[in-house]
Amino acid sequence: MDELEIINNEIINCKKCPRLISYIQSVSKKKKKAYKDWEYWGKPVPSFGDKNAKILIIGLAPAAHGGNRTGRMFTGDSSGEWLFKALYEVGLSNKEESKSRDDGLELKHVYITATVHCAPPKNKPNKNEMENCSYYLKKEIEVLKDVRVYVLLGRIAFDNFKRITGLKGNFEHGKVLKYKDKWVICSYHPSAQNTKTKRLKWNDWIKIFKMAKEMAFG
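These numbers come from a predicted model, not from an experiment.

Colleague: Quick rundown of the overall build of the chain? Include the residues and the values.
Modeller: Scanning the chain for helices and strands turns up eight helices and six strands. Each helix and strand of the chain, ordered N terminal to C terminal, gives the series α-α-β-β-α-α-β-α-β-α-β-β-α-α. For 218 residues, the compact-globule formula gives about 17 Å, and the C-alpha radius of gyration of the chain, at 16 Å, lands near that figure. Expressed along its principal axes, the backbone C-alpha trace of the chain runs to roughly 45 × 35 × 30 Å. In the chain, which comprises 218 residues, the share counted as buried stands at 52%. Here the chain displays about 10900 Å² of accessible surface, and carbon together with sulfur accounts for 48% of that area. Charge separation in the chain, taken as the distance between the mean sites of 41 positive and 25 negative side-chain charges, equals 6 Å.

If you want it as structure tokens, here you go:
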């Protein structure tokens, strides 16, 4: 078992945040009508992707009826539809959509993690929950030695990354910052709240990943 697999096993078995564990278990029992026949994952959701990744994408948290249902980050929700379509278009994924964790999706040069690995109520983790989960993110940053670009999705992911790394600068969509000998790209999160209101437009979104790929291999 390699280091990333060890970290993911720790994540799956984590019980540090009682509020989140209670919530994801409750959601998994009640379910959403559209997914009544699904057996929900209902545990902390592990990270996934290319173990030799040059790009690390950091999101907010699994969706209650997305990753918390399927057991994989950004899988089975509208945010994932935007993310995987973009990765596919720029050649960083073998598929443009992801419905379940065993659908054959493979990321190329990309690893995906999150600020918090349990779906939080109203998509709002509290400070202690983010601090608890930062333990895993710090370890992933240490282990993923080939990463050259960090893509931070949303202000919460940005603020958390800034807190644990000492990154300097402010959040702004499309902004590029330097962290040690690596690059940080800031982006709005592809949540329905941002995409349906056009706060995040497709052209501005796809530019993020074109830029990330160019920086990773430039």
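Next, the rest of the story.
Colleague: Any chance you could break down the pattern of salt bridges for me, citing the residues and the numbers?
Modeller: By the definition in use, this model includes eight salt bridges. With a shortest N-O distance of 2.8 Å, E129 and R19 are connected by a salt bridge. Residue E129 is located in helix α5 (residues 127-143), and its partner R19 is located in helix α2 (residues 18-30); the two are separated by 110 residues in the primary sequence. Residue classification places E129 among the buried positions, given a relative accessible area of 4%. Classification of R19 as partly exposed rests on a relative accessible area of 36%. Each of D2, E5 and K51 takes part in salt bridges that share partners, so that together they form one network.

Colleague: Give me the lowdown on the sheet that holds strand β6 (residues 182-187), citing residues and values where you can.
Modeller: What the six strands build is an open sheet, ordered β1-β3-β2-β4-β6-β5; its pairing is mixed. Only two strands of the sheet have a single neighbouring strand rather than two, namely β1 (48-49) and β5 (176-179). The pairing of β5 with β6 spans four bridges and is antiparallel. Across the sheet, K178 pairs through a bridge with W183, a residue of β6. Relative to the sheet, helix α6 (residues 155-165) contacts β2 (55-59), β4 (149-153), β5 and β6, its axis offset from that of β4 by approximately 135°.

Colleague: Account for α5, naming residues and giving values.
Modeller: Here α5 spans 25 Å end to end across 17 residues, near enough to the 24 Å set by a 1.5 Å rise per residue. Most pronounced at S134, the bend in α5 amounts to some 35°. Listed as buried for α5 are E129, M130, C133, S134, Y136, L137, E140 and I141. If you follow the buried residues of α5, they end up packed against α1 (3-12), α2, β2, β3 (110-114), β4 and α6. At the N-terminal boundary of α5, the capping side chain belongs to N126, with an oxygen 3.1 Å from the backbone nitrogen of N128.

Criteria and thresholds
Residues numbered from 1 in each chain as written. Predicted model: local features only at pLDDT ≥ 70, side-chain atom pairs only at ≥ 80, totals over all residues. Heavy atoms only, no water. Helix = DSSP H or I, 4+ residues; strand = E, 2+ residues; numbered from the N terminus. Rg over C-alpha atoms; globule rule 2.2 N^0.38 Å. Buried < 20%, exposed > 50% of the residue type's maximum accessible area, 1.4 Å probe, protein only. Areas by Shrake-Rupley, 256 points an atom, 1.4 Å probe, with all protein chains shown as cover. Lys, Arg positive; Asp, Glu negative; His and termini not counted. Charge placed at Lys NZ, Arg CZ, Asp CG, Glu CD. Salt bridge = Lys/Arg side-chain N within 4 Å of Asp/Glu carboxyl O. Pairing = 2+ DSSP bridges. Contact = heavy atoms within 4.5 Å. Axes fitted to C-alpha atoms, helices over the stretch in contact; angles between N-to-C directions. Expected span 1.5 Å × (residues − 1). Bend = angle between axes of the 7 residues up to and from the residue. Polar contact = N/O pair within 3.5 Å; in protein donor to acceptor, adjacent residues only side chain to side chain.

Without other data, these values stay purely geometric and don't point to any function.
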